[in-house]
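# Close look at the chain arrangement
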Amino acid sequence: MHIRKDHHLSDSIDITEGVLQGDILSPLLFILFIADIIKFFENRDVEGLNLNNLCQILMLLYADDIAALSHSASSSEATLKVLKEYCDINGLEVNISKTKIMACRTSGRIKKKDKGFQFKGKSIEVVKTYTYLGVALSSNLQGDIAATEASKRGKQAIGSTYLILSRLGAETWLSKKKLHDSMIKTTLLYLVHIWGLRKEILDKLEATHLLYFKRIFHLPVCTPHYLPRLELDIPHISPEVLKYAYNWVIKILDMREDRLSKLGLTRLIQLSANYKSPNLNWTLPVKSLLSLIGEEQMFEDMNATHWKVNKDRILNKYRSFLKLQDLKRYSKSESCQTPIPRSLEDSLPIYLTRGSFHTITPKLQLRVANIYSCNISTKLGVIKLKPAELCRFCHNSEKETIAHFLINSTFLSSLRSEYLQISKEVSDHLNLIIILDDHSTSGFKNLLNYLTACSELFNSITPN
């Protein structure tokens, strides 16, 4: 090695030691070593992806992860030949076992002539999926594989978070929410703005996102998604995805005009006027999300300041739109047992900030109970109600609903008169709302005591 200063080179320096594995100097030295690779390919007229006749995108470089891009099989062959020449000159070796070729297409099988690629006499596998920089890419570029992998990692993060919660003894709603945001949401949404903008993918991510909250509150899996969102004041996952995409647009608009990202975005916007499929044009699903709130015209003014000024307004508008959709579903739902009045201005119910987690859980379970299943967690065990069946204890024609359990059950009348205040002047429905919407300290305590007494009674008998 020589050190150059101005036009002079130092004496030769022998390199006798490498760097430690994981040392930050390692990728930096490698980047310096291959700094001429793109110029090397350009000098040999290798064809990459043509970007509006303005430039060729030959490869994506990130440390030692290199993705060479070609527009055809013959172009790929030429790229491999030049790569062999570059490696021979610079003493580099290519790990063939980790090297793959993926032919991107909207549909159809890969032709035989597009499969026989070799490098230094060794065959290179042609694959339909490949993970690059932590993102699973598929040959159809629709993001489904990435969504499946993200969902899988999200569920693994849920398991890890659950283990941490049990070890820490985290007993407040706030602590559980913070762990979700720092561990699960960040794992689930890794680079989501690149691959996760389609509705089908957003729905899959939403299901994984809410799985954590359903699990910590022991809610049935069949609980409609809008119920925990409304009760816990949790927004959809899609505003987060839109925020990432929106920030990415701003970041690109702040770049120089000659940056590939900016050239690419400009070209995608031009093509979007005639190409309506959202699968192969990144701007179209972003426009689709914005169109839900009447803001698709944002792409008519690609000025960074314009996008920055409107950011908070658009994101808040989108969150409100989705919450309004949840409220409409809730108002028309036939699966909710307890239709509590809710509005767009509702925030986190105050009872969730009181007491330990095991004391707030049963009240939430009652407030979001559905007509198919309802489990009520108490310190003496779980009360399992079967809303679709007749009450096991009263032996009458009434079903085992929340209203029956709290208001009408003759079997529980003595406990109800001791702990709950039931008015004969109002309907059963209004009595139910009064009980579940009473967030006062006394009302909260009385409900817990009633549930504990019921659990103790149920444990002491075996119903016929």
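Numbering of residues begins from 1 in every chain and follows the order in which that chain's sequence is written. In keeping with the model being predicted, local features are shown solely for residues with a pLDDT of at least 70 and side-chain atom pairs are shown and tallied solely at 80 or more, while totals for entire chains, interfaces and linings include all residues. To obtain the side-chain values, all non-hydrogen atoms of the structure were included, while hydrogens and water were left out.

## Thoughts on the overall build of the protein chain
The helix and strand tally for the protein chain stands at 17 helices and 14 strands. Across its three principal axes, the protein chain shows a C-alpha extent of roughly 95 × 55 × 50 Å. Remark: exposure states derive from per-residue accessible area (1.4 Å probe, protein chains only) relative to the maximum for the residue type, with buried under 20%, exposed over 50%, and partly exposed in between. The buried share of the protein chain, taken over its 464 residues, is 40%. Positive charges are assigned to Lys and Arg, negative charges to Asp and Glu, while His and the chain termini are left out of the count. By convention, charge coordinates are those of NZ in Lys, CZ in Arg, CG in Asp, or CD in Glu. Between the averaged position of the 60 positive side-chain charges in the protein chain and that of its 48 negative side-chain charges there is a distance of 4 Å. Helix and strand definitions follow DSSP, with helices as H or I runs of at least four residues and strands as E runs of at least two, each counted in order from the N terminus.

## Quick look at the side chain of Thr283
Assignment of secondary structure puts Thr283 in helix 11 (residues 283-291). Here Asn281 takes part through its side chain, which lies 2.7 Å from a polar atom of the side chain of Thr283. Any two residues having at least one pair of non-hydrogen atoms within 4.5 Å are treated as being in contact. Sequence-distant contacts of Thr283, defined by excluding residues within four places in its chain, comprise Leu265, Leu268, Ile269, Ser272 and Phe299. Contacts described as polar in this section are N or O atom pairs within 3.5 Å, which, within protein, must combine one atom able to donate a hydrogen with one able to accept it, while residues neighboring in sequence count only if both atoms come from side chains.

## Quick look at helix 17 (residues 441-460)
Counted at 1.5 Å a residue, the expected span for helix 17 with its 20 residues is 28 Å, and the 29 Å between its end C-alpha atoms agrees. Within helix 17, the full set of buried residues consists of Gly443, Phe444, Leu447, Leu448, Tyr450, Leu451, Thr452, Ala453, Cys454, Ser455 and Phe458. On its buried face, helix 17 is in contact with helix 13 (357-367), strand 13 (374-378), strand 14 (381-385), helix 14 (402-408), helix 15 (413-419) and helix 16 (428-436). Expected helix span is given by 1.5 Å per residue-to-residue step, counting one fewer step than there are residues.

## Here's the deal with a nonpolar patch on the surface
A cluster of nonpolar side chains, Val19, Leu25, Leu28, Leu29 and Leu32, forms an exposed patch at the surface whose accessible area comes to about 430 Å². When you line up the elements, Leu25 lands in helix 1 (residues 25-33). Within the patch definition used here, like charges are joined within 9 Å and nonpolar side chains (Val, Leu, Ile, Met, Phe, Trp, Tyr) within 5 Å, considering only residues with over 30% relative accessible area and no salt bridge. Exposure was quantified through the Shrake-Rupley algorithm and a 1.4 Å probe, taking into account, for residues, occlusion by the shown protein chains and nothing else. Take a side-chain nitrogen of Lys or Arg and a carboxyl oxygen of Asp or Glu: if they are within 4 Å of each other, that pair is a salt bridge.

## A short note on the side chain of Lys176
Secondary-structure assignment places Lys176 in helix 5 (residues 173-188). Among buried charged residues, Lys176 stands out as having no salt bridge; its nearest opposite-charge side chain is Glu171, 5.2 Å away. Apart from residues lying up to four places away in sequence, Lys176 is in contact with Leu165, Ala170, Tyr212, Ile216 and Phe357.

## Things to note about helix 16
Listing the buried residues of helix 16 in full gives Asn431, Leu432, Ile433, Ile435 and Leu436. Looking at the packing, one finds that the buried side of helix 16 touches helix 13, helix 14 and helix 17.

## Here's the deal with the confidence of the model for the protein chain
pLDDT measures how confident the predictor is about each residue, on a scale from 0 to 100. Per-residue confidence for the protein chain gives a mean pLDDT of 90; residues scoring 70 or more make up 97%. When mean pLDDT is taken per element in the protein chain, helix 9 (residues 238-253) scores highest with 97 and strand 1 (residues 4-5) scores lowest with 84.

## Describing the layout of surface pockets
For cavity detection a 1 Å grid was placed over the protein atoms alone, and a set of points counts as a cavity when a 1.4 Å probe fits there but cannot get out; an open set counts as a pocket when protein lies on both sides within 12 Å along at least five of seven lines, with lining residues being those that have an atom within 4 Å of a point. Grid points are joined across faces, edges and corners, and a volume is the space filled by probe spheres set on the points. Within this model, the second largest pocket holds a volume of roughly 540 Å³. As for the second largest pocket, its lining consists of 25 residues, of which Lys199, Leu202, Asp203, Tyr318 and Leu322 are closest to the centre. Residues belonging to the lining of the second largest pocket are distributed by class as follows: 13 nonpolar, 5 polar and 7 charged. For this classification, Asp, Glu, Lys and Arg are treated as charged, while Ala, Val, Leu, Ile, Met, Phe, Trp, Tyr, Cys and Pro are nonpolar and the rest, including Gly, are polar.

## Section: empty space enclosed by the protein
Across all of its chains, the model carries 2 cavities of 30 Å³ or more by this definition. By volume, the largest cavity is sized at about 50 Å³. As for the largest cavity, its lining consists of Leu385, Cys391, Phe393, Glu400, His404, Phe405, Ser409, Phe411, Leu412 and Phe458. In terms of residue class, the lining of the largest cavity is made up of 7 nonpolar, 2 polar and 1 charged.

## Details of the packing of helix 4 (residues 144-168) against helix 7 (residues 199-216)
Across the interface, helix 4 lies against helix 7 with an axial gap of 9 Å and an inter-helix angle of 10 degrees. By the angle between their axes, helix 4 is roughly parallel relative to helix 7. Here Asp144, Ala147, Thr148, Ala150, Ser151, Gly154, Lys155, Ile158, Thr161, Tyr162 and Leu165 of helix 4 lie close against helix 7, whose contacting residues are Ile201, Lys204, Leu205, Thr208, Leu211, Tyr212, Arg215 and Ile216. Across the contact of helix 4 with helix 7, the residue classes tally to 10 nonpolar, 5 polar and 4 charged. To obtain an axis, a line is fitted to C-alpha atoms, over the contacting stretch when the element is a helix, and the angle between two such axes runs from 0 to 180 degrees between their N-to-C directions. For classification purposes, an angle smaller than 35 degrees is called roughly parallel, one larger than 145 roughly antiparallel, one from 65 to 115 roughly perpendicular, and anything else oblique.

## Structural notes on the pairing of strand 6 (residues 65-68)
For two strands to pair, DSSP has to find at least two bridges joining them. Sheet topology note: the strand 5 (residues 59-62)/strand 6 ladder contains 4 bridges and is antiparallel. Across the sheet, residue Met59 finds its bridge partner in strand 6, namely Ala68. Counting the residues that bridge the hairpin from strand 5 to strand 6 gives 2 residues, and of these Ala63 lies at a positive phi of roughly 55 degrees.

## A word on the packing of aromatic side chains
Note on ring pairs: Phe, Tyr and Trp rings are taken, using the six-membered ring of Trp, and paired if centres are within 6.5 Å. Classes follow the plane angle, with under 30 degrees stacked, over 60 edge-to-face and the rest tilted. What the rule picks out here adds up to 13 aromatic pairs. An angle of 70 degrees between the planes, with centres 5.1 Å apart, marks the rings of Phe40 and Tyr86 as edge-to-face. Within this pair, whereas Phe40 is found in helix 2 (residues 37-43), its partner Tyr86 is found in helix 3 (residues 73-90), the two being separated by 46 residues in sequence. Residue class for Tyr86 comes out buried when judged on its relative accessible area of 1%. By way of ring pairs, the aromatic residues Trp173, Tyr212, Phe213, Phe217 and Phe357 are connected into one cluster. The ring of Phe357 carries Lys176 above its face, with NZ or CZ at 4.4 Å from the centroid. A positively charged side chain is recorded as over a ring if its NZ (Lys) or CZ (Arg) lies within 6 Å of the ring centre. The angle to the ring normal must also be within 35 degrees.

## Some remarks on the pattern of salt bridges
In a structure, side chains of opposite charge can pair up when their charged atoms sit close to one another. The tally for this structure, following the rule as stated, stands at 24 salt bridges. One salt bridge in this structure joins Lys323 and Asp233, with 3.6 Å as the shortest N-O distance. Of this pair, Lys323 sits in helix 12 (residues 304-332) while Asp233 sits in the loop between helix 8 (226-232) and helix 9, placing them 90 residues apart in sequence. For Asp233, a relative accessible area of 34% corresponds to the partly exposed category. Lys243 is paired through a salt bridge with Glu240; the nearest N and O atoms lie 3.6 Å apart. Within this pair, Lys243 and its partner Glu240 are both found in helix 9, separated by 3 residues, close to a single helical turn.

## Examining unusual backbone geometry
Backbone phi values are negative for most residues with the exception of glycine, while trans is the configuration of most peptide bonds. One non-glycine residue, Asp6, lies in the positive phi region at around 60 degrees. Note that Asp6 resides in the loop between strand 1 and strand 2 (8-9). Even without glycine at this site, His218 takes up a positive phi of about 55 degrees. Residue class for His218 comes out partly exposed when judged on its relative accessible area of 42%.

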